[in-house]
Amino acid sequence: MDPSKCASAPPAGWSGEKSSMGHAPPPPYQEQPYPGYPQPGPGYPPHPQGYGYPPQYGGAVGQQPYPMGQQATVTVQPTVYVAQGPLAHPVNDYLCYSIFTMLCCCLPLGIAALIYSISAREANHVGNQMGAEQNSRTARILNHVGLGIGIGFTILSIVFYVVANMQ
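Residues numbered from 1 in each chain as written. Predicted model: local features only at pLDDT ≥ 70, side-chain atom pairs only at ≥ 80, totals over all residues. Heavy atoms only, no water.

This is how it is decided: UniProt positions are given in the numbering used here, feature names are shortened, and annotations may be inferred rather than shown by experiment.
Named according to an unreviewed UniProt entry, the protein is Proline-rich transmembrane protein 1-like originating from Pagothenia borchgrevinki. Looking at the Sequence similarities (unreviewed entry) heading of the UniProt record, one finds this comment for the protein: "Belongs to the CD225/Dispanin family."

Written out as structure tokens, the structure reads:
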């Protein structure tokens, strides 16, 4: 079997290089000053080369503008971040009291007290004395109210159970 007579064999004059396949060659390279943008025409002003002179702004009366021949010196100050550390005497956050209130007394008020307790703990850690005191006070009030509701509900349940069993 002759490979040159196979149907998938290349034609006899084929040299192995790519051909233009009947297409015209590409146009010659033209340098475009603004690639990807339309060419400036009569509607477009010519673009300045470089930065040019800075615009002159109206300053204070009697103030002289920068002389064009001198360089201005700019001094950049380093950024200083002031961060407080944890409080030396942290405020009580009532976290255990909030968990007890949430689990044993009044779930909704216990959850709210727990949120304020965690906020008070975070404010203590960041060093925010005022925020820690406010959140601590709110958590304590919610815990006291939740504990009062839980104790009141327990007493009413016992009274109701005793009265119901006596009849």
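Considering the overall build of the protein
Filter applied, for reference: Secondary structure counts use DSSP, requiring at least four H or I residues in a row for a helix and at least two E residues in a row for a strand, with both numbered from the N terminus. Think of it in three bands: with a 1.4 Å probe and only protein chains considered, a residue is buried below 20% of the maximum accessible area for its type, exposed above 50%, and partly exposed in between. Whether two residues touch is decided by their heavy atoms; if any such pair falls within 4.5 Å, the residues are in contact.
Check the secondary structure of the protein and you find three helices and zero strands. Helices and strands in the protein line up, N terminus first, as α-α-α. Residue burial in the protein is summarised as follows: out of 167 residues, 16% are buried. A separation of at least 24 residues holds for 58% of the contacts in the protein among residues at least 6 apart in sequence.

What about the packing of helix α1 (residues 95–105) against helix α2 (residues 107–126)?
We apply this condition: Orientation is described by lines fitted to C-alpha atoms, with helices fitted over the stretch in contact, and by angles between N-to-C directions that extend from 0 to 180 degrees. Orientation labels follow simple angle bins: below 35 degrees gives roughly parallel, above 145 gives roughly antiparallel, 65 to 115 gives roughly perpendicular, and whatever is left gives oblique. By definition, turning the near helix anticlockwise from the far helix through less than a right angle yields a left-handed crossing, and turning it clockwise yields a right-handed one. When residue character is reported, Ala, Val, Leu, Ile, Met, Phe, Trp, Tyr, Cys and Pro are called nonpolar, Asp, Glu, Lys and Arg charged, and the others, Gly included, polar.
For the pair α1 and α2, the least separation of the axes is 7 Å and the interaxial angle reads 165 degrees. When the axis of α1 is compared with that of α2, the two are roughly antiparallel. Between α1 and α2 lies a crossing of left-handed hand. Contacts from Leu 95, Ser 98, Ile 99, Thr 101, Met 102 and Cys 105 of α1 reach α2 at Leu 107, Gly 110, Ile 111, Ala 113, Leu 114, Ser 117, Ile 118 and Arg 121. In the contact of α1 with α2, the residues fall into nine nonpolar, four polar and one charged.

What to know about α1
Note the threshold: Think of it as the arc spanned by the lines of direction from the helix axis to the C-beta atoms.
Along α1, the residues that are buried comprise Leu 95, Ser 98, Thr 101 and Met 102. Down the axis of α1, the sector holding all buried residues measures 125 degrees, keeping them to one side. Residues of α1 that are exposed and angled more than 90 degrees away from the buried face: Cys 96, Leu 103 and Cys 104.

Description of the state of the cysteines
To keep it simple, the criterion reads: The disulfide criterion used throughout: a pair of cysteine sulfur atoms within 2.5 Å.
Evaluated as defined, the whole model comprises zero disulfides. Sulfur of Cys 104: no disulfide; nearest cysteine sulfur belongs to Cys 105 and is 6.0 Å away. Using a relative accessible area of 54% as the deciding quantity, one classes Cys 104 as exposed.

Quick notes on the packing of α2 against helix α3 (residues 129–166)
At a minimum axis separation of 8 Å, α2 and α3 run at an interaxial angle of 160 degrees. Taken together, α2 and α3 sit at an angle that is classed as roughly antiparallel. Our pair here, α2 against α3, has a crossing hand that is left-handed. Each of Leu 109, Ala 112, Ala 113, Tyr 116, Ser 117, Ser 119, Ala 120, Ala 123 and Asn 124 in α2 lies in contact with α3, whose residues at this interface are Gly 131, Ala 132, Asn 135, Ser 136, Thr 138, Ala 139, Leu 142, Asn 143, Val 145, Gly 146 and Ile 149. Within the contact of α2 with α3, the residues separate by chemical class into 11 nonpolar, nine polar and no charged.

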